[in-house]
Amino acid sequence: MKLFYHPVAPNPARVWFYLNEKGDAASSVERVFVDIAQAEQRSPEFLQMNPRGVLPVLEMEDGSYLGESVAIIEYLEEKFPQPAMIGNTAEERAITRSRERDIEMNVLLRIVRLVHATKSPLGLAPNPAVAEAENKQLPSGLERVDSWLADGEFVMGIRPSIADCTLLAALNFAQFGEISISEEYEHLQRWMQRSEEHTSELQ
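Cut-offs applied
Residues numbered from 1 in each chain as written. Predicted model: local features only at pLDDT ≥ 70, side-chain atom pairs only at ≥ 80, totals over all residues. Heavy atoms only, no water. Phe/Tyr/Trp six-rings, centres within 6.5 Å; stacked < 30°, edge-to-face > 60°. Lys NZ or Arg CZ within 6 Å of the ring centre and 35° of its normal. Pairing = 2+ DSSP bridges. Helix = DSSP H or I, 4+ residues; strand = E, 2+ residues; numbered from the N terminus. Right-handed = clockwise from strand over helix to strand, strands pointing away. Axes fitted to C-alpha atoms, helices over the stretch in contact; angles between N-to-C directions. Parallel < 35°, antiparallel > 145°, perpendicular 65-115°, else oblique. Left-handed = near helix turned anticlockwise from the far one by under 90°. Contact = heavy atoms within 4.5 Å. 1 Å grid on protein atoms, 1.4 Å probe; cavity = no way out; pocket = protein on both sides within 12 Å on 5 of 7 lines; lining within 4 Å. Points joined across faces, edges and corners; volume = space filled by probe spheres on them. Core = buried A, V, L, I, M, F, W, Y, C linked by side-chain atoms within 4.5 Å. Buried < 20%, exposed > 50% of the residue type's maximum accessible area, 1.4 Å probe, protein only.

Enquirer: Quick question: what am I supposed to make of the packing of aromatic side chains here?
Expert: Centre-to-centre distance and the angle between the planes together describe a pair of aromatic rings. Per the counting criterion, the structure on display carries three aromatic pairs. One residue, Arg31, lies across the ring of Trp16, its end atom 4.2 Å from the ring centre. Over the face of the ring belonging to Phe176 we find Lys119, whose NZ or CZ atom lies 5.6 Å from the ring centre.

Shown next, in the form of structure tokens:
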């Protein structure tokens, strides 16, 4: 299998981080860099894999292609069930998916909008109104994450999960966009220090 990715874009990044946490279980997945600065995702070859022209894309063992980061992660979780990254029980899986979705909507997407409104890698014009709105809303999401991390090393406690992967992709993009995370989130800051090793590997 092959994962087509770019290190800055949050959605491919969270699949990258997921594969890192899976370790040897997913070591057979080859990672293929796609240069979005050169619009390689719009090339005829890439559009045959994903007509939408977006990352990530997973080439599966049968030669077919799968887009959308969450769908890719769910597929890989079924292919490589251990270590479990969504949960071992129905209750764990439900809470993990709920927290991951909360992080996606209230941390990752707000950071994405904030970066594109201030220092867009796509060359979008600055939008002070959007930046101000997202700056006001982002703290509530970060506060919830900080409260979850007060109970353990990871978002779900003692083990990493897909929620950590989405959070890591969000904060990796924040770093790219020069958005700082307040020191008042002490549990999140601890989590970020632990995660620096993974973000340094993403290239």
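Enquirer: Looking at this structure, I do not really get the pairing of strand β1 (residues 2-5). What am I missing?
Expert: For a regular strand, side-chain orientation follows a simple rule: the groups alternate between the two sheet faces. Pairing of β1 with strand β2 (residues 30-33) involves four bridges; the strand directions are parallel. Bridge pairing links Tyr5 to Phe33 in β2. On the question of chirality, the crossover connecting β1 to the parallel β2 by way of helix α1 (residues 10-22) is right-handed. Where β1 meets strand β3 (residues 57-59), three bridges bridge the pair, whose relative direction is antiparallel.

Enquirer: Explanation requested: the packing of α1 against helix α6 (residues 162-176) in the structure shown.
Expert: Helices that pack against each other are described as a pair by the angle of their axes relative to one another and the distance between those axes. Closest axis-to-axis distance for the α1/α6 pair is 8 Å, and the angle between their directions is 130°. One way to sum up the angle between α1 and α6 is to call them oblique. Of the two elements, α1 crosses α6, and the hand of that crossing is right-handed. For the pair formed by α1 and α6, the contact residues are Pro10, Ala13, Arg14, Phe17, Tyr18 and Glu21 on the first element and Ile162, Cys165, Thr166, Leu168, Ala169, Asn172 and Phe173 on the second.

Enquirer: I would appreciate a short explanation of the layout of surface pockets in the present structure.
Expert: Think of a ball as big as a water molecule: rolled over the atoms, this probe shows where empty space is left. Each pocket or cavity is described by its volume, and for the largest pocket that value is around 770 Å³. Contributing to the lining of the largest pocket are 30 residues, with Ala9, Pro10, Asn11, Val54 and Leu55 lying nearest its centre. Taken together, the elements giving at least two residues each to the lining of the largest pocket come down to α1, α3 (69-79), α4 (90-118) and α6. For the lining of the largest pocket, the leading source of residues is α4, giving five residues.

Enquirer: Help me understand the nonpolar core in this model?
Expert: Soluble globular proteins: nonpolar side chains tend toward being buried together. Ranked by size, the top nonpolar core spans 50 residues in total, and within it Leu76, Val107, Ile111, Leu167 and Leu188 carry the most contacts. Put simply, the parts of the chain that give this core at least two residues each are β1, α1, α3, α4, α5 (128-149), α6 and α7 (186-201). Take this core: its biggest share by element is ten residues, from α6. Discounting residues that sit within four places of it in the chain, Leu188 has contacts with Leu142, Val145, Asp146, Leu149, Leu167, Leu171 and Ile181.

Enquirer: Whenever I open this one, the sheet that holds β2 confuses me. Can you help?
Expert: Strands in a sheet are paired, the pairing made by backbone hydrogen bonds, and the direction either parallel or antiparallel. Spatially, the four strands line up as an open sheet ordered β2-β1-β3-β4, and their pairing is mixed. Each edge of the sheet is formed by a strand with only one pairing partner; in this case those strands are β2 and β4 (65-67). The sheet shows a mean angle of 25° between the axes of neighbouring strands, direction not considered. Most of the contacts of α1 go to β1, to which it runs at about 140°, and overall it touches β1 and β2. α3 contacts β3 and β4 of the sheet and is inclined by roughly 125° relative to β4.

Remember that the coordinates give geometry; whether it matters functionally is a separate question.
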